[in-house]
Amino acid sequence: VKEHGRNSVRQFIPEMGVTAISRLNMEGALRRALERHELTLHYQPKIELATGTIVGAEALVRWHHPQIGLIHPIEFIPLAEETGLILPLGEWVLAEACRQQVSWKKSGMADLKIAINMSPRQFRQEDLSDRVAAIFAETGADPSHVTLELTESMVMQDVNSTLVALRALKKLGVSISLDDFGTGYSSLSYLRRFPIDELKIDKSFINDIHENPDDAAIASAIIAMALSLSLSVVAEGVEKKEQAELLRKMGCSQVQGYYFGRPMDAAGFAARYREHINE
Ligand code: C2E
Ligand code: CA
Ligand code: CA
Ligand code: CA
């Protein structure tokens, strides 16, 4: 996001895109977006490799700006994190994803698990598990069908308080996934000590897996390690059939990526799911 100074009064012009919004405007616009319900969630299918079935979806936030159109999270999540707006934003995402899980339950899609991304600030809230519990109570979502995605770098910061927070969340009945795995520095001893359920191999390791033996070796090693720790392992960013084939041979549990489905709005996802169970 470009800076235009504190007194910037630049107007939104659609052709300029989001980079033209000054930081100050952006903060105000994001604040209003929350009040005016301009945020929405898209859902990307998670596929079980052994059976090829859709077993869940990751909720990914988007901002429908009235002038600019669809804005992707890379453009506003960092600012939200910096300003603290991520707390109300993250709370809305949690509640909305929970409402979606309840709606799936009512429409014959009860098996689907929903995966929700958490930000560092959100994860470090003292009363996080109480807040999450309140959202479950309010929405009627089934915690056993909710996965919280935390990044590897997030949980490796201050491992003692991480352990306390993870235990409190696990008590609610949710699953915990370690996102962007391989990009941070995990101590293997913590992987064992943390009550986590899933590792998500970062897409940077998956991109060239079918052409680069080093990347294939890394992915294969992560998969073997995850399985030996009885963790489920998900590869993200799978775009090609060859990548999926290779991951299946390596014993990877689940995949996510454009090859299997892009993130879609709720209606698009439901249509895709129905098509898939009738295949
Ligand atoms: P992430 O959690 O690693 O999410 C995966 C990103 O990879 C998503 O981008 C998804 O659309 C994209 N992706 C999925 N399959 C493929 C593929 O085959 N190829 C490629 N090149 N990309 C693929 P998206 O939706 O733009 O989200 C970007 C990041 O923004 C997420 O990365 C996550 O860190 C953050 N984010 C998204 N939604 C939320 C949210 O609700 N809360 C928080 N705190 N962060 C969020
Ligand atoms: Ca994620
Ligand atoms: Ca990821
Ligand atoms: Ca990522």
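Looking at an unreviewed UniProt entry, the protein carries the name EAL domain-containing protein, with the source organism given as Undibacterium umbellatum.

Okay, the coordination of the calcium ion (ligand 4) next. Bound to the calcium ion (ligand 4) on the protein side are Asp180 (OD) and Asp180 (OD), at distances that span 2.8 to 3.2 Å. A separation of 3.5 Å is found between the calcium ion (ligand 4) and the calcium ion (ligand 3), both of which receive a donor from Asp180. Within the fold, Asp180 resides in strand E6 (residues 175–181).

Taken together, 22 residues lie near ligand 1, and Gln44, Arg62, Lys203, Glu239 and Tyr258 sit nearest. With respect to ligand 1, the side chain of Glu58 contributes an N or O atom lying 3.3 Å from an oxygen atom. Within the contact set of ligand 1, an oxygen atom lies 3.1 Å away from a side-chain nitrogen or oxygen of Asn117. When ligand 1 is considered free in solution it has 800 Å² of accessible area, and contact with the protein chains removes 82% of it. Contributions of two or more residues to the shell around ligand 1 are made by strand E2 (53–65) and E6. Among the elements that line the shell around ligand 1, the one with the most residues is E2, at four residues. The residue makeup of the shell around ligand 1, split by class, is nine nonpolar, six polar and seven charged.

Here we take up the confidence of the model for the protein. Per-chain confidence: the protein averages 91 in pLDDT, with 92% of residues scoring 70 or above. Note on residues 1–15: pLDDT under 50 across the span, and 27 contacts to partners over four residues away in sequence or across chains. For this predicted complex, the interface confidence reaches an ipTM of 0.97, while the overall pTM sits at 0.92.

Attention shifts here to the packing of helix H3 (residues 86–106) against helix H5 (residues 128–139). Relative orientation of the contacting elements H3 and H5 amounts to 35°, with a least axis distance of 9 Å. Here the hand of the crossing between H3 and H5 comes out right-handed. Mapping the contact onto sequence places Glu91, Leu94, Ala95, Cys98, Arg99 and Val102 in H3 and Arg131, Val132, Ile135, Phe136 and Thr139 in H5. Per-class residue counts for the contact of H3 with H5 are seven nonpolar, one polar and three charged.

Applying the stated criterion to the full structure yields six aromatic pairs. Here the aromatic rings of Tyr190 and Phe194 are separated by 5.5 Å at their centres, their planes lie at 25°, and the arrangement is stacked. Overall, Tyr190 belongs to the partly exposed group, its relative accessible area being 22%. Here the aromatic residues Tyr43, Trp104 and Phe269 are joined through ring pairs into a cluster of three or more. The cationic tip of Arg262 hangs over the ring face of Tyr258; the distance from NZ or CZ to the ring centre is 3.8 Å.

The next thing to look at is the pairing of strand E7 (residues 198–201). Residues Glu198 and Lys200 of E7 are buried on one face, and the alternating residues Leu199 and Ile201, pointing to the opposite face, are buried as well. Two elements, E6 and E7, share three bridges in a ladder whose sense is parallel. Residue pairing in the sheet places Phe181 in a bridge with Ile201 of E7. In this sheet, strand E8 (residues 232–235) lies alongside E7 in parallel orientation, the contact comprising four bridges. Along E8, the bridge assignment pairs Leu199 with Val233.

By size, the foremost hydrophobic cluster in this structure holds 83 residues, and its most contacted members are Leu199 and Leu247. No other element matches H3, which puts nine residues into this core. When residues no more than four places from it in sequence are discounted, the contact partners of Leu199 are Leu178, Phe181, Leu191, Ile222, Met225, Ala226, Leu231, Ser232, Val233 and Val234.

Its place among the elements puts Thr162 in helix H7 (residues 159–171). Taking the relative accessible area as the measure of exposure, Thr162 reaches 0% and is therefore buried. With residues up to four places along the chain from it excluded, the contact list for Thr162 reads Phe123, Arg124, Met154, Val155, Gln157 and Phe194.

Another point: the side chain of Glu81. Among the secondary structure elements, Glu81 is positioned in helix H2 (residues 77–83). For the buried Glu81, which has no salt bridge, the nearest side chain bearing the opposite charge is Arg121, at an N-O separation of 4.7 Å. Separated by 2.8 Å, the side chain of Glu81 and the backbone nitrogen of Arg121 make a polar contact. Ignoring sequence-local partners within four residues, the contact set of Glu81 consists of Ile86, Ser119, Pro120 and Arg121.

What counts and what doesn't
Numbers given for residues are sequential positions, taken from 1 along each chain in its written order. Both sets of labels track the order of writing: A upward for chains, 1 upward for ligands. Note on the predicted model: pLDDT of at least 70 is required for a residue's local features to be given, and 80 or more for side-chain atom pairs to be given and counted; whole-chain, interface and lining totals, by contrast, use all residues. Think of the side-chain values as coming from all heavy atoms in the structure, minus any hydrogens and water. Here the coordinating atoms are restricted to nitrogen, oxygen and sulfur within 2.8 Å of the metal centre, or 3.2 Å for Na, K and Ca, and because water is not among them the sites may look incomplete. For the purposes of this entry, the term helix denotes a DSSP run of H or I that reaches at least four residues, the term strand denotes a run of E that reaches at least two, and both are numbered from the N terminus. Residues are labelled near a given molecule or strand when at least one of their non-hydrogen atoms is within 4 Å of it. We call two N or O atoms a polar contact when they sit within 3.5 Å, provided that within protein one can donate a hydrogen and the other can accept it, with sequence-adjacent residues counted only if both atoms are side-chain atoms. In these tables, accessible area is a Shrake-Rupley quantity obtained with a 1.4 Å probe, and a residue counts as shielded only by the protein chains included in the view. Under the convention adopted here, Pro, Cys and the residues Ala, Val, Leu, Ile, Met, Phe, Trp and Tyr are nonpolar, Asp, Glu, Lys and Arg are charged, and Gly plus all remaining residues are polar. On a range of 0 to 100, pLDDT expresses the predictor's confidence in each residue. Contact between two residues is taken to exist if any of their heavy atoms lie within 4.5 Å; hydrogens are not considered. Interaxial angles span 0 to 180 degrees and are taken between N-to-C directions of axes, which are lines fitted to C-alpha atoms, for helices over the stretch in contact. By definition, any crossing whose near helix is turned counterclockwise from its far helix by less than a right angle is left-handed, and any crossing with a clockwise turn is right-handed. Each Phe, Tyr or Trp ring, with Trp reduced to its six-membered ring, pairs with another whose centre is within 6.5 Å; inter-plane angles below 30 degrees give stacked pairs, above 60 give edge-to-face pairs, and intermediate values give tilted ones. The buried label applies to any residue whose accessible area, calculated with a 1.4 Å probe on protein chains only, is under 20% of its type's maximum; exposed applies above 50%, and partly exposed to all values in between. Counting as a charge over the ring demands two things of the Lys NZ or Arg CZ atom: a distance within 6 Å of the ring centre and an angle within 35 degrees of the ring normal. Two strands pair under a simple rule: DSSP has to find at least two bridges between them. Within this scheme, the nonpolar core is defined by two criteria: the residues are buried Ala, Val, Leu, Ile, Met, Phe, Trp, Tyr or Cys, and they are joined through side-chain atoms within 4.5 Å. Two residue types count as positive, namely Lys and Arg, and two as negative, namely Asp and Glu; His and chain ends fall outside the count. Counted as salt bridges are all cases of a side-chain nitrogen of Lys or Arg within 4 Å of a carboxyl oxygen of Asp or Glu.

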